[in-house]
Amino acid sequence: MRFLEHLPPVARDAGAAEALPENNALFFEMPLDHFGGAPGTFKNRYWVNDTYYKPGGPVFLFDSGEQNAEPLLSYYLQEYHGLSATMRLAKRYEGIAILWEHRYYGDSLPFPVNENTTAEQWQFLTTDQALEDVVYFANRFSLSHVRGPENSIVDSNATDSSNSLHPSNTPWIWLGGSYPGVRGALLRVRNPETIFAVWASSAPVHAQVDMVAYYKAAERSLTRNCSADWVAVTRFVDDTLQNGTVEEAADLKYKLLRARSDTITKGQAANASDVSAAGVLMDPLSFYQYYGFDASVLPFCNVLESRNSTITPFETGLASNLGIDVALDAFLAAIEVVNYDAIPGDADDPVQDRSWMRQYCSEYGFYQRGDPNNPVSIETSFRSLERFQEQCNSAFPQGLPPSPAVGNVNKYGGWNMTPSNVLFTNGEFDPWRTMGLASIESNSPMRTPSVAVPRCNVAPEFPSFFGLTHANMVHVSDLRVLLTPDANHTDFKTVGFYSPVSQEPFYSGLGLFELALDEWLPCFGQDAKSMNQEKALAITGQHFHVLNTHTGEIIHTTTNLGDEAREKLNKSGPIRCAAVDSTFTHVITTGDDKKLKVWQVADEFKLLSERELPKKPTEIGFTRDGQTIVVSDKFGDVFSYPLHPDPAATPSTSNAGAPKRGSLTAHENPSNGTLILGHASMLTTYLLTSDEQHIITSDRDEHIRISWFPKGYVIERYCLGHEKFVSALHIPSFNPSVLVSGGGDPMLKVWDWMSGKLLSEVSVLEAVEPHIKVKAPKWRRGWNDGDGDGEEGSAESKSKGKGRRRGKGKKGGEQAREGSADAAQAGEAETATENADVQMAEAGSQETSGKPPTNTDEDRLVFVVHRIQSVDRKESGHFIIFSAVGATAIFYAPFPKDGEKLPASSVRSAELGKPVVGFTVDREGNVWTFLDTERNTTDDASGSVQPVQLLSWQDATLSLSSSNKHPLLAALNSQCLVSATPAELKALDLYGALSSLPKNVDPEHDPLVRDTLSEAAAVSIDGDGKQLTQRELGRLKKKKALLAKIQEQEQQKRSSREGTGEAEAEREIKRARSESEAEAPATGDVEMDAS
């Protein structure tokens, strides 16, 4: 993958771009650590060519990747001896061109790079740190940086979104080949708000430790006789060195190494390692990835098969006709004649060699080993995985993982990535194609390239991808072209990387990318231009409203529906979960009726569909393209549904009056949902990662699971360490490789979610406990007691709204967090702005009657983390923000560094006086909170409190905003409030999580037991039982028995608690048993058939 450009500048071609005055390099003051907050900066080098630039033109950034960028300047930014795609695009679109140097290469060195570089210094050379360099730079670059003094250093302390070259105002377009191509694809997945489009040439986007496939492309391109002799010689050498006598091995080593150098002695050869001696056989492939078979390997094969032009080649090779000794001698003679080891232009750069070795040893792998099980392998088996790892451990004795952490790269999708606005080009015989999207290896997805330009910001449907494979070409054959080929650029012996002999790949690749940019560029900035059209979704009880976030105007509301439609909404109960897609076209909601409703909220407002769910949901959300709905439920399952139901689909139960099979049969779905995965416990919440390649789920049994998406049956990892339930998950946008989790444990935990490693902790309970004003009851009567049915005519009260503003650019991070395990919050609001969340919740419920609830001596404190968010405060640092069920404050703490355990004293609070039901963070970092203003607390603040409060930052402190004139804030505190009865308020069950999430609670507050047994109790074996299969009858019988047992335990507890006599308790127990036995099948045990 390394760049090998060591050619001197030569005469420039006519029509090429003007050279930069004196080739001035620029330097940017770059933070050493973007994520952990380690102090220090370094100077990151880059060059700019604005020859063709006119205001409004794009920024084209060419990435040099894993090498010193300076030798590329004359070829890619000045077009000496040929044209470059970067400058041709800059000319066509009147853009500005940048050559970017990677940290730890060239002159962009945070520390000196040599054998003395320490593990502490190497820790900042990671994929994510280097990607964030580009994001940080793009947000601060301006034209004033270009025309400064020689070697000027750019002030990077501030970002200015009003700058005309800021990514929000100008499209940044990335070009790169090989590793730089990988970086471009990752950035488009990771930071689509920064990088608008990418041309990724020969990009091995799938990191893999074992890259045995590297030489398969060469094996496929060899002639029949050359391949046969190469395989025969390799097998002979491997066998002799492994199984021959000492003398035979020493003689063979001498023969092999003498082919490289005639000065080596027999003693030196005998002491050489087997792998170095056998490695001589790989010399003819040294330049294959750059020039392919015809230019670099065919000359060797011709000398080999003709024995240096002394015989006519055999069709089947020398070994099979003249013997292995003749083939070995001819092979080594051909290496001497071609003399690959003496070819100029491949001089070692100790800095880039060591830095790239650190990268592949730590994160990429790509160990190009031999395969002894492959009968046509041309690579020696001495190059093993163990040998590669030994070399890594020897070069870097500290700081490396046991094996390269390829998950740090593949978390962005690997072979399965589906970025929009990316062109992938490959060479047919490029060895790195095996790790790219165009891979044809058996363990790859076998994806197919398509030259059809996809719509702007829309990824092609998997497994297709937007791309082109150049016939007979190899590695990065298309990013520049030679107009006047000469010996320096056509003879592989004077190799110049990216110097293809053929011109066709350059023009075909460039033409296709220009067609794509013609399609994509007009759509850039459409979201920014429609900022005044940003919308928010606010949910109040059974209703929701769509508002203009700038004016507070209500655009759509369900309160304006007809009487019949409103009556149906009232019967469905409060909205428990809701989500809006990234384009604010569709909203999905679910209530107590377990119906998934899809609403159109773009121009026309209407209910599109309504589907029954198998269980009550705990989380719902959209995939990035808005075409798939993902639902987690209390049974522990995650299902996916198409946005629009299939009209031809057959429901699980079609007979009229038949019982619902989905309530009795595991994983059956009445709406034909696709099962993604299942937990053995109640699933509390889920997240889709930003690339939507993984789904992270948590449950009531302390588990956090990382699974593939949508192939959830493939479990990638567990994050184990919680001792109580996990109720909240969050992936920070500024560090998508980590996960923050919380629940019932007294701390928040920060994970590397791909590896499952616990990175750090924040102790929070001591800081939160004084603010918890709502506590869980030790014991209550049945959960349906006192529904308030007799109070229909009682005075009405105001039901407050809750909503969320949600960012369009927040890809797959936190979809509509509503109604987790508590299923208590009654609303959400979403916007189509990036990272803009405004969440409001329902007003406090009034229990049993219209009297405000109060805590009693029997109440117990239960700690439940409700929601976790994060904010990047730039110079003030990164912060975690969270809320707890029943607490009257918003809490925040510095984002911990790796290995750090922050004490509770580091947690600060913004006290609000009333229990916080929900909150969210907008893109400016402001925190929108919703309060339960109906709840009485022992230390209520005097005066009335508005249900929605806005918190803002002053440096590193979060407090109530001094401005109450925000139009959206005013609308949420007035127009979005609707009337509600005490019974409707009680049904909100805002604090249900305090009873439902802790284990060993009474069954009436255990949602899984409660829902399951209520379904069992509702089905009679005698009546509709004839509609059930034998398997369902067996499951029903077990549930009936469990119901009887629980009723028996409940009666015993109540008898003990209420002083009921022993005889009365015994009668109740016998009655419960007899009812269960009366409903049981008369035939005894039900046979569990396999149907």
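About the thresholds
- Residues numbered from 1 in each chain as written.
- Predicted model: local features only at pLDDT ≥ 70, side-chain atom pairs only at ≥ 80, totals over all residues.
- Heavy atoms only, no water.
- UniProt positions renumbered as here; feature names shortened; annotations may be inferred.
- Helix = DSSP H or I, 4+ residues; strand = E, 2+ residues; numbered from the N terminus.
- Buried < 20%, exposed > 50% of the residue type's maximum accessible area, 1.4 Å probe, protein only.
- Contact = heavy atoms within 4.5 Å.
- Areas by Shrake-Rupley, 256 points an atom, 1.4 Å probe, with all protein chains shown as cover.
- Salt bridge = Lys/Arg side-chain N within 4 Å of Asp/Glu carboxyl O.
- Pairing = 2+ DSSP bridges.
- Axes fitted to C-alpha atoms, helices over the stretch in contact; angles between N-to-C directions.
- Disulfide = S-S within 2.5 Å.

As named in an unreviewed UniProt entry, the protein is Transfer RNA methyltransferase 82, taken from Trametes cubensis. Under the UniProt heading Subcellular location (unreviewed entry), the note attached to the protein is "Nucleus". Taken verbatim from the UniProt record of the protein, the Pathway (unreviewed entry) comment is "tRNA modification; N(7)-methylguanine-tRNA biosynthesis."

(A) Region of the structure containing the overall build of the protein. Helices and strands together make up the secondary structure of the protein, namely 27 helices and 45 strands. Every one of the 1091 residues in the protein was classed for burial, and the buried ones make up 59%. A separation threshold of at least 6 residues defines the contact pool for the protein, and within that pool the share at least 24 residues apart is 68%. Accessible surface for the protein amounts to roughly 42000 Å². Of this, 49% is attributable to carbon and sulfur atoms.

(B) Representation of the pattern of salt bridges within the structure. What the rule picks out here adds up to 26 salt bridges. Here aspartate 210 ties to arginine 369 by a salt bridge, and the two come within 2.7 Å at their closest N and O atoms. Taken as a pair, aspartate 210 in strand 9 (residues 208-210) and arginine 369 in the loop between strand 10 (365-367) and helix 15 (385-395) lie far apart in primary sequence, 159 residues in all. Here aspartate 210 and arginine 369 have matching classes, each one buried. Where aspartate 329 meets lysine 255, a salt bridge forms, and the shortest distance between an N and an O atom there is 3.7 Å.

(C) Molecular detail of the environment of valine 907. Tracing the chain through its elements places valine 907 in the loop between strand 39 (901-902) and strand 40 (908-911). On the basis of relative accessible area, valine 907 is assigned to the buried category, the value being 9%. For the pair formed by valine 907 and leucine 765, sequence separation is 142 residues and the distance between their alpha carbons is 9.5 Å. With sequence-adjacent residues up to four places away left out, valine 907 is seen in contact with Val762, Ser763, Val764, Ala767, Phe882, Phe891, Tyr892 and Ala893.

(D) Up close: helix 2 (residues 85-92). Across the 8 residues of helix 2, 6 count as buried, placing the element largely inside the fold. Among the residues of helix 2, those classed as buried are Ala85, Thr86, Met87, Arg88, Leu89 and Ala90.

(E) Molecular detail of the sheet that holds strand 18 (residues 577-580). Within the open sheet, the 4 strands sit side by side as 18-19-20-21. Their pairing is antiparallel. In this open sheet, the two strands that pair with only one neighbour each are strand 18 and strand 21 (606-612). Strand-to-strand twist of the sheet, defined as the mean angle between neighbouring strand axes without regard to direction, takes the value 15 degrees. Looking at chain direction, strand 20 (residues 595-600) and strand 21 are connected through 6 bridges and run antiparallel. Residue pairing for strand 21: lysine 595 is matched across the bridge by glutamate 612.

(F) Structural context of the state of the cysteines. According to the stated counting rule, one finds 3 disulfides in the structure shown. The side chain of cysteine 361 participates in a disulfide bridge whose partner is cysteine 392; the two sulfur atoms lie 1.9 Å from each other. Between cysteine 361 and cysteine 392, the S-S torsion sits near -75 degrees, and that sign places the bridge as left-handed. Separated by 31 residues along the polypeptide, cysteine 361 in helix 14 (residues 350-364) and cysteine 392 in helix 15 bring together distant segments of the chain. The exposure class of cysteine 392 is buried, given its relative accessible area of 0%. Cysteine 456 shares a disulfide with cysteine 523; S-S distance 1.7 Å. Remark: cysteine 523 occurs in the loop between helix 18 (504-520) and helix 19 (526-529) and cysteine 456 occurs in the loop between strand 12 (448-450) and strand 13 (464-470); sequence separation between them is 67 residues. Residue cysteine 456 shares its accessibility class with cysteine 523, and that shared class is buried. The cystine pairing of the protein, numbering bonded cysteines in sequence order, is 1-2, 3-4, 5-6.

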